[in-house]
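Next come the chains, spelled out residue by residue.
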Amino acid sequence: MSSIGIIFREDKELTTLSPDWTPVPLGPRHLVDAAVERALAGEPSELSLRLTIESQDESPDPRTISAAGIWGPRESAVIRVICRELSARFYDAEAGEFIDI
């Protein structure tokens, strides 16, 4: 079964997202792009994960990376690398909770 999640920077004590919550930028766009590229480097094309960095129209410095796919071991490893590099967290939108990957 496929899932949807969001990578964003947020305080570790936060457990739920309020309706008026707005994420802060993950960093400059070129650094976010590079972090995603490095995490995906060497991964096979059959990886069950699609990552979408927030568009420049929405925010000059991206605040989120959306993830769609199956959180298997390899997909989770990619998400974990991105979160560590950008000091971010992963939120499973369908489960409505943060996941420690």
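Just above, that's the structure.
Here the structure is a predicted model, which means the values were calculated and not measured.

Thresholds, definitions, all that
- Residues numbered from 1 in each chain as written.
- Predicted model: local features only at pLDDT ≥ 70, side-chain atom pairs only at ≥ 80, totals over all residues.
- Heavy atoms only, no water.
- Phe/Tyr/Trp six-rings, centres within 6.5 Å; stacked < 30°, edge-to-face > 60°.
- Helix = DSSP H or I, 4+ residues; strand = E, 2+ residues; numbered from the N terminus.
- Buried < 20%, exposed > 50% of the residue type's maximum accessible area, 1.4 Å probe, protein only.
- Pairing = 2+ DSSP bridges.

**Q** Describe the packing of aromatic side chains, listing the residues and the values that go with them.
**A** The tally for this structure, following the rule as stated, stands at four aromatic pairs. Between Phe8 and Phe98, the ring centres sit 5.8 Å apart and the planes meet at 65 degrees, which makes this aromatic pair edge-to-face. Of this pair, Phe8 sits in strand S1 (residues 3-8) while Phe98 sits in strand S5 (residues 97-99), placing them 90 residues apart in sequence. Taken individually, Phe8 and Phe98 each receive the classification buried, so the pair is uniform in this respect.

**Q** Let's hear about the pairing of strand S4 (residues 89-92): which residues, and what values?
**A** Side chains Arg89 and Tyr91 of S4 all project onto a buried face; the interleaved residues Phe90 and Asp92 project onto the opposite face, where all are buried too. In the sheet, S1 pairs with S4 via four bridges, with the strands oriented antiparallel. Among the inter-strand pairings, Gly5 is bridged to a residue of S4, identified as Asp92. Where S4 meets S5, three bridges bridge the pair, whose relative direction is antiparallel. Within S5, the position partnered with Phe90 by the bridge is Ile99. Count of turn residues in the S4/S5 antiparallel hairpin: four residues, of which Gly96 carries a positive phi of about 70 degrees.

**Q** Tell me about the pairing of strand S3 (residues 64-69), and please be specific about residues and values.
**A** Within S3, five of the six residues are buried, which leaves it mostly tucked inside the rest of the structure. Strand direction decides the pairing type here: S1 and S3, joined by six bridges, are antiparallel. Paired with Gly5 across the two strands is Ala67, which belongs to S3. As paired strands, strand S2 (residues 49-53) and S3 are joined by five bridges and run antiparallel to one another. Across the sheet, the residue bridging to Arg50 is Ala68, located in S3.

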